[in-house]
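Reading the structure
Each chain, written out:
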Amino acid sequence: SDSVEGQIKGRAYHGVACGALVMETEGSFFNQHFTPGVDYITYKEDNEVDLMDKINYYIEHEEERLSIAKSGHEKYLANYSAKQYWEQILNLVPA
């Protein structure tokens with residue numbers, strides 16, 4: 001779960017930045033920036049069976065796993081990369 005209410009764990013962003021399939025608990029604040037089932041996978045918090053079932057499912061369904069990982073990575077590059085961050089900052093500075 002999120003360590004501080006309203007914040008997202010950095011490892012979730014690091015995962016999508018690297019093109020990995022990210023798995024986060026349901027209700028994570030990550031869903032304010034990425035779409036569950038499209039850009040990353042959710043699992044029930046404190047439910048090891050649900051987590052293991054989903055890990056095994058995505059190991060066996062490589063094409064689906066790669067598609068979701070790619071979607072998250074592309075959304076990250078388009079909206080949350082360092083390049084995007086600095087462009088937003090520089091647009092706030094008067095010329």
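Higher on the page you've got the structure.
So, a few notes on the structure that sits alongside this text. Quick caveat: nothing in here was measured; it's all calculated off a predicted structure.

A surface patch of nonpolar side chains, about 460 Å² in accessible area, is lined by Y85, W86, L90 and V93. With relative accessibility at 49%, the residue V93 sits in the partly exposed group.

Moving on, we get to unusual backbone geometry. Although it is not a glycine, D46 sits at a positive phi angle of roughly 60°. Here D46 is to be found in the loop between β2 (41-43) and α2 (48-60). You can call D46 exposed: its relative accessible area is 76%.

We now examine the pattern of salt bridges. Enumeration over the complete set of coordinates arrives at five salt bridges. Across the salt bridge formed by E74 and K70, the nearest N and O atoms sit 3.9 Å from each other. Of this pair, E74 and K70 both sit in helix α3 (residues 62-79), four residues apart, which is roughly one turn of that helix. The class for E74 is partly exposed, based on a relative accessible area of 44%. Between K83 and E87 there is a salt bridge, with the nearest N and O atoms lying 2.7 Å from each other. Placement of the pair is K83 and E87 together in helix α4 (residues 82-92), with a separation of four residues, close to one helical turn. Looking at K83, the relative accessible area reads 54%, which means it is exposed.

Scoring rules and cut-offs
- Residues numbered from 1 in each chain as written.
- Predicted model: local features only at pLDDT ≥ 70, side-chain atom pairs only at ≥ 80, totals over all residues.
- Heavy atoms only, no water.
- Patch = residues over 30% accessible without salt bridge, like charges linked within 9 Å, V, L, I, M, F, W, Y side chains within 5 Å.
- Areas by Shrake-Rupley, 256 points an atom, 1.4 Å probe, with all protein chains shown as cover.
- Salt bridge = Lys/Arg side-chain N within 4 Å of Asp/Glu carboxyl O.
- Buried < 20%, exposed > 50% of the residue type's maximum accessible area, 1.4 Å probe, protein only.
- Helix = DSSP H or I, 4+ residues; strand = E, 2+ residues; numbered from the N terminus.

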